[in-house]
Amino acid sequence: MSRSVSLPEVLTRSDFAAVTGREPRSIELMASRGLVADPTHRNRGKYVWEEASALEWFRMLHEHAVVVPANDLAEEELARYNAYLCPLSSSHVGLARPRFLAMYKPGGQGRVFGVTAVETIHQQVPGTRSTTAVTRSIMREGETLDASRKPWTVFYLSEAGTIDKITPVIQQGRYVPVGHVRKAVASGSLVVPTLDEAFPARK
């Protein structure tokens, strides 16, 4: 008598894109750069992920950093919540699980933070820990994140240092190698590379 074998659930490129709120080509390119989970298989030349391992990636911090613009609202929320709020719809760093987050201030100065935890709200992808009541109650534009029904990524932060000069001007979130940020805290200068320079796509 044959015994049934339990196979893992898998995600196609389109499935993974739907889960993460990205376009299929975008999520495939992020995987090739090491900015989401590596695919576990190929099927007819297309990437395939085991669902469990693809989602587990988001529960851990990884060896990259992000640089984000610091406006008045971001500074206010940082002071109130020790956190940086990123709408998933921004499509820049909402899927990141970085070791460090640097805030670019007008004029080029930067504040550097260690990321202590990442929580997600109204998303299919998890954070590094379960979403807390405190995070659900964070206020943005007169309502709590929970009541907004919008997908958010919340980075909890701990002060780690400063950078005297960040170039070029940062107008949207950017990924950078974690080593660049560590060196910049010591040297006082960070030149943010292009994404292709920082995380070249693997063939």
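Residues numbered from 1 in each chain as written. Predicted model: local features only at pLDDT ≥ 70, side-chain atom pairs only at ≥ 80, totals over all residues. Heavy atoms only, no water.

**What about the overall build of the protein?**
Quick reminder of the rule: In DSSP terms, a helix is any run of H or I states spanning at least four residues, a strand is any run of E spanning at least two, and both are numbered starting from the N terminus. Just to be clear, the radius of gyration here is over C-alpha atoms, and the globule rule we use is 2.2 Å times residues to the power 0.38. Partly exposed describes any residue whose relative accessible area lies between the buried limit of under 20% and the exposed limit of over 50%, with all areas from a 1.4 Å probe on protein chains only and scaled to the type maximum. Between two residues, a contact is recorded if the distance between any of their heavy atoms is within 4.5 Å. A 1.4 Å probe and the Shrake-Rupley method give the accessible areas. Residues count as covered only by the protein chains that appear here. Only four residue types enter the tally: Lys and Arg on the positive side, Asp and Glu on the negative side, with His and both chain ends excluded. For this purpose, a charge sits on NZ of Lys, CZ of Arg, CG of Asp or CD of Glu.
For the protein, the helix and strand inventory stands at eight helices and 13 strands. In terms of C-alpha radius of gyration, the protein reaches 18 Å, essentially the compact-globule figure of 17 Å for 203 residues. Summarising its shape, the C-alpha atoms of the protein cover approximately 70 × 40 × 25 Å along the three principal directions. Per-residue burial for the protein yields a buried fraction of 46% across its 203 residues. If you take every contact in the protein between residues at least 6 apart in sequence, the share linking residues at least 24 apart comes to 68%. Taken as a whole, the protein presents about 10700 Å² of accessible surface, with 50% of it coming from carbon and sulfur. Side chains of the protein give 25 positive and 21 negative charges; the mean places of these two sets differ by 4 Å.

**Examining the sheet that holds strand S5 (residues 83-87)**
The cut-off we apply is this: When DSSP locates at least two bridges between a pair of strands, those strands are taken to pair. To define axes, lines are fitted to C-alpha atoms, for helices over the stretch in contact only, and angles between the resulting N-to-C directions are given on a 0 to 180 degree scale.
Here we have six strands laid out as an open sheet, ordered S5-S10-S7-S6-S4-S12, and mixed in their pairing. With partners counted over all chains shown, the strands left at the sheet margins are S5 and strand S12 (174-177), one partner each. In this sheet, adjacent strand axes meet at a mean angle of 35° when their direction is disregarded.

**Observations concerning helix H1 (residues 13-20)**
Cut-off, in case you're wondering: Arc definition: directions from the helix axis to the C-beta atoms.
Those residues of H1 that sit buried are Phe 16, Ala 17, Val 19 and Thr 20. Projected onto a plane normal to the axis of H1, the buried residues spread over an arc of 160° and lie on a single side. Tucked inside the fold, the buried residues of H1 contact strand S1 (10-12), helix H2 (24-32), strand S3 (46-50) and helix H3 (51-56).

**Here we look at H2**
Taken together, the buried positions of H2 are Ile 27, Glu 28, Met 30, Ala 31 and Ser 32. The inward-facing, buried residues of H2 contact H1, S3 and S12.

**Some remarks on the sheet that holds S3**
Strands sit in the order S1-S3-S2 across an open sheet of three strands; the sheet is antiparallel. The open sheet has two edge strands, S1 and strand S2 (41-43), and neither has a second partner. The average undirected angle you get between the axes of adjacent strands in this sheet is 35°. In terms of strand pairing, S2 meets S3 through three bridges, oriented antiparallel. When the sheet's bridge partners are listed, Arg 42 is paired in S3 with Tyr 47. Sitting on the sheet, H1 is in contact with S1 and S3, with an inclination near 95° to S1.

**Regarding the packing of aromatic side chains**
Quick reminder of the rule: The criterion for an aromatic pair is that two Phe, Tyr or Trp rings (for Trp, the six-membered ring) have centres within 6.5 Å, with stacked assigned to planes under 30 degrees apart, edge-to-face to planes over 60 apart and tilted to the rest. Here, a charge over a ring means that NZ of Lys or CZ of Arg falls within 6 Å of the ring centre while also lying within 35 degrees of the ring normal.
The full count for this structure, using the stated rule, is four aromatic pairs. Where Phe 16 meets Trp 49, the ring centres are 4.8 Å apart and the plane angle is 55°; that geometry is what we call tilted. With a gap of 33 residues between them, Phe 16 in helix H1 and Trp 49 in strand S3 connect regions that are remote in the sequence. Assigned by exposure class, Phe 16 and Trp 49 land together as buried. For the ring pair Trp 57 and Phe 58, a centre distance of 5.2 Å and an interplane angle of 80° mean the geometry is edge-to-face. Both residues of the pair, Trp 57 and Phe 58, belong to the buried class. Over the ring of Tyr 156 we find Arg 129, and its NZ or CZ is 5.0 Å from the ring centre.

**A closer look at the nonpolar core**
Formally: What makes a nonpolar core is a set of buried Ala, Val, Leu, Ile, Met, Phe, Trp, Tyr and Cys residues whose side-chain atoms join them at distances within 4.5 Å.
Core analysis: the biggest nonpolar cluster contains 39 residues, and Tyr 84, Leu 101 and Met 103 have the highest contact counts within it. Excluding its chain neighbours within four sequence positions, the residues that come into contact with Tyr 84 are Val 68, Pro 69, Ala 74, Leu 101, Met 103, Thr 153, Val 154, Phe 155 and Leu 157. Counting residues in hydrophobic clusters, the runner-up holds 15 residues, among them Ala 102, Tyr 104, Val 112 and Val 181.

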